[in-house]
Amino acid sequence: GAVVSQHPSWVICKSGTSVKIECRSLDFQATTMFWYRQFPKQSLMLMATSNEGSKATYEQGVEKDKFLINHASLTLSTLTVTSAHPEDSSFYICSARGTGSAYEQYFGPGTRLTVT
Amino acid sequence: AQSVTQLGSHVSVSEGALVLLRCNYSSSVPPYLFWYVQYPNQGLQLLLKYTTGATLVKGINGFEAEFKKSETSFHLTKPSAHMSDAAEYFCAVSVFYTGGFKTIFGAGTRLFVKA
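Residues numbered from 1 in each chain as written. Chains lettered and ligands numbered in written order. Predicted model: local features only at pLDDT ≥ 70, side-chain atom pairs only at ≥ 80, totals over all residues. Heavy atoms only, no water.

**A look at the nonpolar core**
Grouped together as the largest cluster of nonpolar side chains are 27 residues, with contacts concentrated most on Trp35, Leu48, Leu76 and Tyr89 of chain B. Secondary-structure elements contributing two or more residues to this core are β2 (10–14), β3 (19–26), β4 (32–38), β5 (44–50), β7 (64–68), β8 (73–78), β9 (87–97) and β11 (109–114) of chain B. Considering each element in turn, this core owes the most residues, 5 residues, to β9 of chain B. Counting 23 residues, the second-largest nonpolar core is a separate cluster that includes Cys13, Val19, Ala48 and Ala96 of chain A. (Core = buried A, V, L, I, M, F, W, Y, C linked by side-chain atoms within 4.5 Å. Buried < 20%, exposed > 50% of the residue type's maximum accessible area, 1.4 Å probe, protein only. Helix = DSSP H or I, 4+ residues; strand = E, 2+ residues; numbered from the N terminus.)

**Some thoughts on the pattern of salt bridges**
In this structure the tally under the stated criterion is 7 salt bridges over all chains. Here Glu59 of chain A makes a salt bridge to Lys102 of chain B, at a shortest N to O gap of 2.9 Å. Of the two residues, Glu59 of chain A sits in the loop between β6 (57–58) and β7 (67–73) while Lys102 of chain B sits in strand β10 (residues 100–105), which places them in two different chains. Classification of Glu59 of chain A by relative accessible area gives partly exposed; the value is 22%. With relative accessibility at 14%, the residue Lys102 of chain B sits in the buried group. Note that Lys58 of chain B and Glu64 of chain B form a salt bridge whose closest N and O atoms lie 2.7 Å from each other. (Salt bridge = Lys/Arg side-chain N within 4 Å of Asp/Glu carboxyl O.)

**Details of the sheet that holds strand β3 (residues 19–25) of chain A**
Residue and element names in this part refer to chain A. Read from one edge of the open sheet, 4 strands run β1-β3-β8-β7, paired in antiparallel fashion. The open sheet has two free edges, formed respectively by β1 (4–7) and β7, since each of these has just one partner strand. Strand-to-strand twist of the sheet, defined as the mean angle between neighbouring strand axes without regard to direction, takes the value 15°. (Pairing = 2+ DSSP bridges. Axes fitted to C-alpha atoms, helices over the stretch in contact; angles between N-to-C directions.)

These figures capture arrangement, not role.
Written out as structure tokens, the structure reads:
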């Protein structure tokens, strides 16, 4: 149980275009979803937290107009990188928390974004 | 603010030797602590977690960690390293915010295992 999927697993896009990444909780309802980014050989940095039906809360230093997060249902959250640039190339990992635990998050497999 | 500090960005051990990866936390309240492993170009895999109760926590793949409140530590150990243990290891803590808890990660420690 508690499986989180991401789609796509990797994506290449051209500079200036937008790309959408999906995060789904497959067997539970995710009341809260989290988005992290990970640069090569670095740790995971929390970008934002979203509750279903509410606006996302962004961490300090994260551009909310650039990284659009939508959590429209209890099983789906999307991250859209708008006007992507090469410096946005990174590994994006989502995680989800259900109603069963206040603190435990389940992580997706990640999406590798390369902006050319 | 709650956080975790991993001592040593790289650790190298010989196959069969003890693995010790260090993690210290800062928290004013009892923390929820985790260890994750990440293999190259893959997502995270939960090794073990500490919430409440027994301070010695056993996880998958022969790993265990001991929560020591007096030392604010949660070090990860494995008695005998295997080549397949070579990976990146992250210590993490659940931090309370107005919406609940969110997981914050340490900088990570890369484990090398020599034949």
